[in-house]
Amino acid sequence: MSDELWTAPAAPTQIDAVVSVPGSKSLTNRALVLAALAEGPSTIRGALRSRDTDLMASAIRQLGSSVASTSDDDLLVAPATLSGNCSIDCGLAGTVMRFVPPMAALASGDVAFDGDERARQRPMAAVIEALRVLGVGIDDDGRTCLPFTVHGRGSVPGGSVTIDASASSQFVSGLLLSGARYDQGLTVHHVGAPVPSLPHIDMTTAMLREHGVEVVCDSAAPQRATWRVTADPIRALDRSIEPDVSNAAPFLAAAMATAGRVTVAGWPHESLQPGGRLLDILVTMGATTDPTPEGLRLTGPGTLRGIAENLHDIGELVPTIAALCCLAADESTLTGIAHLAGHETDRLAALSREINALGGSVTRTDDGLVIRPRPLHGGVFRTYEDHRMATTAAILGLVVPGIRIENIGTTAKTFPGFQAAWLRMVDLPSTSSTPR
């Protein structure tokens, strides 16, 4: 973590820019796991290169597969027999800590997992307990969180397991991605409060099907849902990764905040990413959108409208949406997001604390936030090593002079080069907003 503060650039006028964002983290890390478990080599084109995806690639290499760069953003993955006797650094990446242990259970030998200090506080019980039910040995000294060691035996019988995935959809996705390689396949039953971010599980099941795996889903009852993958070979597959809708969100928000216009190059016409729902919310707040030859163009309104939205399925976008709600003319209520307490930081607590320190009025409720617009002022905005907190502050800084962001470099988790891209959008040279 850096001790430097980055002064968020204020927009001198309405934003008018065309921006490009890197590939989807969610798609890249799922593609890496599936490629490592496949029958033959696969090429992943347009892969995101960031801390989270680099950690996933490193984990796969530690387990014996080859991951080689064939260009700046293309990866060739050559699978191999999974081996253990290694250590996996999860950093703060939820996909690594939740997707890789079910794969490590297929390795021959012990695989130790650990990560950043905050990673040791993130929920992991559902994955650890599920693997134990399936016969996998795990040592965690009773913590049910990082650090722990998976004792791989080269195979997993598979079968059926019941979990409570109400803290994260990644628990289900992580088990399904490796489940096709288990001897009997895998059936995952969820019992508990509704699973958050269900569209991310839909992304997982769609990608499994593309690799030739049979998947059966019954998620009509959100408190009792079932997913089954059969014991099928995972077919090698070359795929292209579409731009990350979540990484585009702050740039679209910039158009909203400044009544400007931003075009996101390469915006997918159809997408597996749940973040696509962002456009509906921004239109509700007053935006207009148009497809253009360059990409999706969004134009912000003169006045932002407040919203009342259940964001249960798109929790990753809450920090961006919360920033815009602070700038709206009316009160906003964001619900269905209690699970954000278990993300990179407790995002509900962090957003209310940091926005209120700038003069805002954000009240935390049992399952969300109530945001009442107030005049904001400059000050230090802490990020808690959370990339979404950093981009929230950057959005506010466009129209609130003097916001200084702690550890802007945390954006490299999913978007290396964010600062330079942000300054280009504002049409400022890279030296105009220096750390201080």
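Residues numbered from 1 in each chain as written. Predicted model: local features only at pLDDT ≥ 70, side-chain atom pairs only at ≥ 80, totals over all residues. Heavy atoms only, no water.

**Focus: the sheet that holds strand 22 (residues 379-381)**
Whether parallel or antiparallel, the strands of a sheet pair through hydrogen bonds between backbone atoms. As a reminder, the rule being used: In this description, strands pair whenever DSSP reports at least two bridges between them. Secondary structure elements are defined from DSSP: runs of H or I of at least 4 residues count as helices, runs of E of at least 2 residues count as strands, and each element is numbered from the N terminus. Here an angle of 0 to 180 degrees is reported between the N-to-C directions of two axes, which are lines fitted to C-alpha atoms, with helices fitted over the stretch in contact. By definition, residues are in contact when any of their heavy atoms lie within 4.5 Å.
The mixed open sheet is built from 3 strands, whose spatial order is 1-23-22. Pairing within the sheet leaves two strands with one partner each, and these edge strands are strand 1 (5-7) and strand 22. The sheet shows a mean angle of 35° between the axes of neighbouring strands, direction not considered. Against the sheet, helix 11 (residues 387-397) contacts strand 22 and strand 23 (403-406), and its axis sits at roughly 170° relative to strand 23.

**Topic: unusual backbone geometry**
Residue proline 147 is reached from leucine 146 by a cis peptide bond, and omega for that bond is -5°. As for its position among the elements, proline 147 is in the loop between strand 8 (137-139) and strand 9 (148-153). We note that asparagine 85 has phi near 55°; this positive angle belongs to a residue other than glycine. Within the secondary structure, asparagine 85 is located in the loop between strand 5 (75-78) and strand 6 (86-89). At glutamate 385, a residue that is not glycine, the phi angle is positive and equals roughly 60°. Tracing the backbone through its elements, the reader meets glutamate 385 in the loop between strand 22 and helix 11.

**Some words on helix 12 (residues 418-426)**
The criterion, for reference: Categorising residues by exposure relies on relative accessible area from a 1.4 Å probe, with only protein chains included: less than 20% of the type maximum marks a residue as buried, more than 50% marks it as exposed, and the intermediate range marks it as partly exposed.
Within the span of helix 12, buried status applies to Phe418, Ala421, Trp422, Leu423, Met425 and Val426. As for helix 12, its buried residues are in contact with strand 1, strand 2 (16-19), helix 7 (245-258), strand 15 (261-265) and helix 11. A positive phi of about 65° marks aspartate 427, the residue just after helix 12.

**Remarks on the sheet that holds strand 2**
Across the sheet, which stays open at both edges, the 4 strands sit in the order 2-15-17-16 with mixed pairing between neighbours. Each edge of the open sheet is held by one strand with a lone partner, namely strand 2 and strand 16 (288-291). Between one strand and the next, the sheet's axes are offset by a mean angle of 15°, whatever the strand orientation.

**A few points about empty space enclosed by the protein**
Definition in use: Using only the protein atoms, space was sampled on a 1 Å grid; points where a 1.4 Å probe fits but cannot get out form cavities, open sets with protein on both sides within 12 Å along at least five of seven lines form pockets, and lining residues are those with an atom within 4 Å of a point. Grid points are joined across faces, edges and corners, and a volume is the space filled by probe spheres set on the points. Polar here means any residue outside two lists: the nonpolar Ala, Val, Leu, Ile, Met, Phe, Trp, Tyr, Cys and Pro, and the charged Asp, Glu, Lys and Arg; Gly therefore counts as polar.
Taken as a whole, this structure holds 4 cavities of 30 Å³ or more when the rule is applied. Its boundaries defined by the atoms lining it, the largest cavity holds a volume of some 350 Å³. Arg122, Gln170, His200, Glu316 and His343 are the residues nearest the centre of the largest cavity, which is lined by 24 residues in total. At the level of elements, helix 1 (25-37), helix 3 (94-104) and helix 11 are the ones that each hand at least two residues to the lining of the largest cavity. In terms of residue class, the lining of the largest cavity is made up of 3 nonpolar, 12 polar and 9 charged.

**Topic: the layout of surface pockets**
By volume, the largest pocket is sized at about 180 Å³. Around the largest pocket sit 13 residues that line it, and Pro22, Gly23, Gly46, Ala47 and Asp73 are the ones nearest its centre. Across the lining of the largest pocket, the residue classes break down as 7 nonpolar, 2 polar and 4 charged.

**As for the nonpolar core**
To be explicit about the condition: Only buried residues count toward a nonpolar core. Its members are Ala, Val, Leu, Ile, Met, Phe, Trp, Tyr and Cys residues joined through side-chain atoms within 4.5 Å.
Of all hydrophobic cores here, the largest spans 76 residues; its most connected members are Ile44, Leu63, Met103, Phe113 and Ile163. The leading source of residues in this core is helix 1, at 8 residues. For isoleucine 44, the contacting residues outside a window of four places in its chain are Ala31, Leu32, Ala35, Asp73, Asp74, Leu75, Val77, Arg239 and Ile241. Core analysis: the next-biggest nonpolar cluster, separate from the first, contains 72 residues, Ala11, Ala257, Val264 and Ala393 among them.

**Topic: the confidence of the model for the protein**
The test is simple: Values of pLDDT, the confidence the predictor places in each residue, fall between 0 and 100.
Predicted confidence across the protein gives a mean pLDDT of 94, with 97% of residues reaching 70 or more. Scored below 50 in pLDDT, residues 431-436 shows 15 contacts in the model against residues more than four places distant or in partner chains.

**Considerations on helix 9 (residues 318-326)**
Counting buried residues in helix 9 gives 9 out of 9 residues, a clear majority hidden from the surface. Taken together, the buried positions of helix 9 are Val318, Pro319, Thr320, Ile321, Ala322, Ala323, Leu324, Cys325 and Cys326. Buried residues in helix 9 make contact with helix 7, helix 8 (278-284), strand 19 (332-335), helix 10 (347-357), strand 21 (369-372) and helix 11.

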